[in-house]
Amino acid sequence: MEQKIMEVLRRMQAVLCEMQLQELQNALRIVFMGCEVVREKQELQVSDNSWMIDLDDFLISKALEGKSPNTVERYRYELQRLLSYVNKGITDITDGDISNYMRAYKKIRQISNQTLKNVRAVYSGFFTWLCERERIRRNPMILVEDIKVERKLKKPFTDEERERLLKNCETLRDKAMMEFLYSTAVRVSELAVLNKRDIRWTTKDLIVFGKGAKERTVYLNDRTNMYMKEYLDSRMDDNEALFVSLKSPHKRLSKTGIEYLIRRAGKRAGVEKAHPHRFRRTAATNALNRGMPIEEVALFLGHEKLETTLLYCTIDQEKLKKDHEKYLSV
């Protein structure tokens, strides 16, 4: 019985954390106390790791496509969990295997449908890649149910909220950072790797490298330009990073560190859901509502598809009403 319990725990190791595994072990021991296991066949359960070569090849191809190291590592993490759990050769995996794993994953880890949808996209990318290279004859993901996600309207900052955030900044660095996030609409991961020398002061712009190592030019408005100059002139360190910690040795601010600073400023200002990405959404929304063509907004954000840009933008209902009167009055 103890061997069977350990076998269950091994199979669930890819899905459960250490604490959950301990709870599962205790529950199994209580439920099966006094029971006897009768072995019908003397067979050994062998782990099938034949998928490792296919996984490594897939990850290499994604890296060559320009996917970031973090994205490639996320693919590895999610696919290793699935393939270890199913414990079959690549050609033998069915849609039922994947669906059963996804149901267990959602129930045990209590993740949202959006997270599960993102995980499903990783699986779909992997098996489509295998199918296109004829490593498998059919793609099991075709029959795996899609994940429905309720679209919630994500609001940008109002002008008042942005001003409250600025007034509640504790340092010049934080003010410069917030203005920079709004003016450039960069992702927090893009901001974290920027250096001082990246800014071209004569033209008030800089080049950032976004998803897929694609570069785009972003711009500093006059207020951002002023705050950035003041902040950088006030620094006494020799770190090349654009934003650094206040205390010596003045290390580069990480993605997590930037998120923490914005969140803390939001609490002081009484602004809910304050995070760096909301500045990007705000910049896109304001640009669109104030007349920038959507094609230019998409270029500004680094989006390939206009549909993605529209998901970022919240249309001003008052402007929509006035435009309706203007264009459809007769």
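All values derive from a computational prediction rather than experimental measurement. (Residues numbered from 1 in each chain as written. Predicted model: local features only at pLDDT ≥ 70, side-chain atom pairs only at ≥ 80, totals over all residues. Heavy atoms only, no water.)

## Quick look at the pattern of salt bridges
- Tallied over the full model, the rule gives 27 salt bridges.
- Its salt-bridge partner being Asp237, residue Arg235 comes within 2.9 Å of it at the nearest N-O pair.
- Look at Arg235 and you get buried, because its relative accessible area is 12%.
- Judged by relative accessible area, Asp237 falls into the buried class, the value being 16%.
- Salt bridges sharing common partners tie together Asp159, Arg162, Glu163, Glu179, Arg223 and Arg290. (Salt bridge = Lys/Arg side-chain N within 4 Å of Asp/Glu carboxyl O. Buried < 20%, exposed > 50% of the residue type's maximum accessible area, 1.4 Å probe, protein only.)

## A look at the packing of helix α4 (residues 69–86) against helix α5 (residues 95–109)
- Orientation of α4 relative to α5, taken along the N-to-C sense of each, is 115 degrees, at an axis distance of 10 Å. Considering their axes alone, α4 and α5 lie roughly perpendicular with respect to each other. Between α4 and α5 the crossing geometry is right-handed. Judged by residue contacts, Tyr77, Glu78, Arg81, Leu82, Tyr85 and Val86 of α4 engage Asp97, Ile98, Tyr101, Ala104, Tyr105 and Arg109 from α5.
- A per-class count over the contact of α4 with α5 returns eight nonpolar, no polar and four charged. (Axes fitted to C-alpha atoms, helices over the stretch in contact; angles between N-to-C directions. Helix = DSSP H or I, 4+ residues; strand = E, 2+ residues; numbered from the N terminus. Parallel < 35°, antiparallel > 145°, perpendicular 65-115°, else oblique. Left-handed = near helix turned anticlockwise from the far one by under 90°. Contact = heavy atoms within 4.5 Å. Nonpolar A, V, L, I, M, F, W, Y, C, P; charged D, E, K, R; others polar.)

## Some details on helix α13 (residues 294–301)
- Ile294, Val297, Ala298, Phe300 and Leu301 are the residues of α13 that are buried. Down the axis of α13, the smallest arc covering the buried residues is 160 degrees, so these residues share one side.
- Where α13 ends, the next residue or the one after it, Gly302, has phi of about 85 degrees, a positive value. (Arc of directions from axis to C-beta.)

## Description of the packing of aromatic side chains
- Counted according to the given criterion, the structure contains 10 aromatic pairs.
- Judged by centre distance (5.7 Å) and plane angle (70 degrees), the rings of Phe58 and Trp129 are edge-to-face. One end of the pair, Phe58, is in helix α3 (residues 52–65); the other, Trp129, is in helix α6 (residues 113–132), and 71 residues separate them in sequence.
- Aromatic ring contacts, followed pair by pair, group Phe58, Tyr75, Phe126, Phe127 and Trp129 into a single cluster. (Phe/Tyr/Trp six-rings, centres within 6.5 Å; stacked < 30°, edge-to-face > 60°.)

## Some thoughts on the nonpolar core
- Counting residues in each nonpolar core, the largest one holds 47 residues, and the members touching the most others are Leu165, Met177, Phe180, Leu191, Leu242 and Phe243.
- Contributions of two or more residues to this core are made by α7 (159–167), α8 (172–184), α9 (188–192), β1 (205–209), α10 (222–234), α11 (255–269), α12 (276–289) and α13.
- Tallying contributions element by element places α8 first for this core, with six residues.
- Look past the residues within four positions of Phe180 in its chain and what remains in contact with it is Ala185, Val186, Leu191, Leu194, Ile199, Leu206, Leu220, Thr224, Met228, Leu242 and Phe243.
- Grouped together as the second largest cluster of nonpolar side chains are 36 residues, Val15, Leu55, Phe58 and Trp129 included. (Core = buried A, V, L, I, M, F, W, Y, C linked by side-chain atoms within 4.5 Å.)

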